[in-house]
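The lines below spell out each chain.
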Amino acid sequence: MEHQQRSQPRLSPSSDTEDMVMSLAPRLAYFAGVARTEHVTRAAQEMDVPQSTLSRAMVRLEQDLGVDLFARIGRTVSLTPAGRTFLASAERALAEIQRAADEVRADADPATGKVAFGFLHTMGSETVPGLIRAFRADHPRVRFSLVQNYGEAMIERLRAGELDLCLTSPVPDAPDLVARRLDEQKLRLVVPADHPLAARRRVRLAEAAEESFVTLEPGYGLRRITDDLCQEAGFRPRIAFEGEEAETLRGLVAAGLGVALLPPPAFPRPGVAELTVTAPRAAREIGVAWLDGHPDTPPVAAFKKFLLSRRGNLLP
């Protein structure tokens, strides 16, 4: 049978693409099965569907496309040129769907699944590696996709479904999120080693009111905390440099370019002195957040339970 253009397709070339996809997608597997066997009855048996259902699906598919996909001789069929063209794309689409299904099943596997976990840059050198090591003692094959970023960016990625959980500060308060406080981290006033305050162990933040500060950029949680603490101490910090990473700020302090409020370093940094702030109380809360109502896969649920069990003992 020669290929013939059908005169009245159900969907015109100008039809909305989404409508076309919704109409065609459920029939792709049926079409591929019939094309593979070249026999409607045999295909129906292999796919365990009624033959009448399969036949109607093929007729409807051809109507939707507006072309003949099969040449028919009884229950035996053969592909038309249009059918062969459509089959190649249909098989690629079905293979991609199968690949996606395998991937999401693998990610949800209780033993070998994946957790997409975000955390602050300042927690990347010690805290997070220690947490993952402890968690994998009981879940040795769970995989992690790790994202370091500042708090607001991680919250955006939570909302976009790109992260399952994140460690952040301040602990967010938003109606679409669930957040739990896990620990508190003291902040120190970091000054150059040759600074007049460097010989001190403790300092009131107001004593740094005339200093130039190096801070993280606006939008970072630690920047907001720095601004708030300085305001509480009675002054507005004079910002000399803004950066994206705490250890870079320590380097700027060591170079004599300002002072900074920072969490303790993973390793002592030469060229600076780190002073305890006695007033106001200088600390930041660390919490874990996730999207409210978002169902957890078994590995995500297990890691969330583990993090919550570390409340008060999160930091090294």
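See the structure printed just above.
About the thresholds
Residues numbered from 1 in each chain as written. Predicted model: local features only at pLDDT ≥ 70, side-chain atom pairs only at ≥ 80, totals over all residues. Heavy atoms only, no water. Pairing = 2+ DSSP bridges. Helix = DSSP H or I, 4+ residues; strand = E, 2+ residues; numbered from the N terminus. Axes fitted to C-alpha atoms, helices over the stretch in contact; angles between N-to-C directions. Contact = heavy atoms within 4.5 Å. Core = buried A, V, L, I, M, F, W, Y, C linked by side-chain atoms within 4.5 Å. Buried < 20%, exposed > 50% of the residue type's maximum accessible area, 1.4 Å probe, protein only.

S.K.: An account of the sheet that holds strand β3 (residues 114-119) is needed here, citing residue identities and associated values.
M.R.: Here we have five strands laid out as an open sheet, ordered β4-β3-β5-β13-β6, and mixed in their pairing. Here the strands that pair on one side only, and so sit at the sheet edges, are β4 (143-148) and β6 (177-186). Between one strand axis and the next, the sheet turns by 20 degrees as a mean value, whatever way the strands run. Both β6 and strand β13 (residues 283-291) contribute to a ladder of nine bridges, which runs antiparallel. Note on β13: the bridge partner recorded for Arg180 is Val288.

S.K.: Which residues make up the environment of Gly118, and what values do they have?
M.R.: Positionally, Gly118 belongs in strand β3. For the pair Gly118 and Ala88, spaced 30 residues apart in the sequence, the C-alpha separation amounts to 40 Å. Excluding its chain neighbours within four sequence positions, the residues that come into contact with Gly118 are Val147, Met154, Leu163, Leu165, Cys166 and Leu167.

S.K.: Any chance you could break down the nonpolar core for me, citing the residues and the numbers?
M.R.: In a soluble, globular protein the nonpolar side chains are often hidden away together inside. In terms of nonpolar packing, the biggest core is built from 35 residues, with Phe117, Leu167, Phe303 and Leu307 touching the most fellow members. Sorting the residues of this core by element identifies β3, α6 (127-136), β4, α7 (151-159), β5 (165-168), β6, β13 and α10 (298-309) as the ones contributing at least two each. Looking at which element gives the most residues to this core, the answer is β13, with five residues. Residue contacts for Leu167: discarding those within four places in its chain leaves Phe117, Gly118, Phe119, Leu120, Met123, Val128, Leu131, Met154, Leu182, Gly287, Val288 and Leu314. With 30 residues, the next largest nonpolar core counts Leu205, Leu216, Tyr220 and Val253 among its residues.

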